[in-house]
Amino acid sequence: GMPNIPADDVPEGKDEDANVELRTWGEPNRSNSAKEHFDIGEALGQMDFETAANMSGARFVLLKGQLARLERAIANFMLDLHTGEFNYTEVAPPLLVKDDALYGTGQLPKFTEDLFKTTGDHWLIPTAEVSLTNMVREQIVAEEELPMRLTAWTPCFRSEAGSAGRDTRGMIRLHQFSKVELVSITAPEQSKDEHERMIGCAEEVLKRLELPFRTMVLSTGDMGFGAVKTYDIEVWLPGQSAFREISSVSNCGDFQARRMNARCRPKGEKQTKFVHTLNGSGLAVGRTMVAILENYQNADGSVTVPEALRPFMGGVTKIEAK
């Protein structure tokens, strides 16, 4: 298929250097003594790359004790926020899908090498976007039911074929990670407003966790080929002294809808039109944990639990080595 045509207000440019900062939130901690998340996690005795590598090879992690619980707490917090305050419907979708589903959302045929294929005719999902967006495949939805807002917490599986040598240590780039995904299906004239709303939902997660971030508009050269416009949220990691991507929120216009034949019909009309689809992470759970460990680290090696997560941690306020 042809790539999508970028929206008029997308900055022109070859690559990420042409991305434009839209806004920042919070005050980055620029301490030189800040440790990276893997040093913190390993010192706690609760983040184990070696044991994971013995059974699975590189780019896997094993979490245990309070860090395993923290992962679950982060995901539950996000799901409760999106369903309780932002009107998303929680879905527990299949993690294995067929070719058609990945073609519909645009991962196939172009990004075959990024995916894990089973010995049968299934692929492991690289993101819950695939399962959630395909819920309207071959459907005609009544326009008054739109926007349809869906969220799911799932494992995601990526081969990371093109990322040799990048983020080889730690939890930034794994073959298996979990993510809380947001998908909206809208009428064509709703998608621009929905895109703004969605980026606000993802940003709110970081505000509640009190993690400093900046929001970027991607340039034409840095956008995915199915997107009309994409915002990236980059969270501040004091251990790396850098902003790193934690969410990407895209309006795909009717690009995926055409591939899936997903349409809507206005009340009382015969004529159908293609829906618009949007997706974004709300947020990547592992990267959120990375950000919490680095931003909430204490000099004694312990990690303070963010206020918003304490109810999900059985009231634990601090993670310490056993």
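What comes next is a walk through the structure. Keep in mind it's a predicted model, so treat the numbers as computed, not measured.

What counts, and where the lines are drawn
Residues numbered from 1 in each chain as written. Predicted model: local features only at pLDDT ≥ 70, side-chain atom pairs only at ≥ 80, totals over all residues. Heavy atoms only, no water. Helix = DSSP H or I, 4+ residues; strand = E, 2+ residues; numbered from the N terminus. Buried < 20%, exposed > 50% of the residue type's maximum accessible area, 1.4 Å probe, protein only. Contact = heavy atoms within 4.5 Å. Areas by Shrake-Rupley, 256 points an atom, 1.4 Å probe, with all protein chains shown as cover. Lys, Arg positive; Asp, Glu negative; His and termini not counted. Charge placed at Lys NZ, Arg CZ, Asp CG, Glu CD. Pairing = 2+ DSSP bridges. Phe/Tyr/Trp six-rings, centres within 6.5 Å; stacked < 30°, edge-to-face > 60°. Lys NZ or Arg CZ within 6 Å of the ring centre and 35° of its normal.

With respect to the overall build of the chain
- Broken down by element type, the chain carries eight helices and 18 strands.
- Along the first, second and third principal axes, the C-alpha set of the chain runs to 65 × 45 × 40 Å.
- Evaluated residue by residue, the chain yields a buried proportion of 52% over its 322 residues.
- Considering only residue pairs separated by 6 or more positions, the chain has 71% of its internal contacts joining residues 24 or more positions apart.
- When the accessible area of the chain is evaluated, it comes to approximately 14,700 Å², of which 48% is carbon and sulfur surface.
- Between the centroid of the 36 positive side chains of the chain and the centroid of its 47 negative side chains there is a distance of 2 Å.

Some words on the sheet that holds strand β14 (residues 263–265)
- Taken together, the three strands give an open sheet; going across it, the order is β8-β14-β15, and neighbouring strands pair in mixed fashion. The two strands at the open ends of the sheet, each matched to only one other strand, are β8 (140–142) and β15 (273–274).
- Taken together, the three bridges between β8 and β14 define a ladder with parallel strand orientation. Considered in β14, the bridge of V141 is made with C264.

Description of the environment of K207
- The residue K207 is located in helix α6 (residues 191–208) in this model.
- Taking C-alpha positions, K207 is 7.9 Å from W25, a pair spaced 182 residues apart along the chain.
- Apart from the residues within four sequence positions on either side, K207 is in contact with W25 and F213.

Details of the packing of aromatic side chains
- Counting across every chain of the model gives three aromatic pairs.
- Here the aromatic rings of W236 and F243 are separated by 5.0 Å at their centres, their planes lie at 65°, and the arrangement is edge-to-face.
- Accessibility expressed as a relative area gives 3% for W236, which makes it buried.
- Here R30 stacks its cationic end above the ring of W236, 4.5 Å away from the centre of that ring.

Some details on the sheet that holds strand β6 (residues 116–117)
- In spatial order, the strands read β5-β7-β6; together these three strands make up an open sheet with antiparallel pairing. The open sheet has two free edges, formed respectively by β5 (96–97) and β6, since each of these has just one partner strand.

Read these as geometric descriptors, not functional statements.
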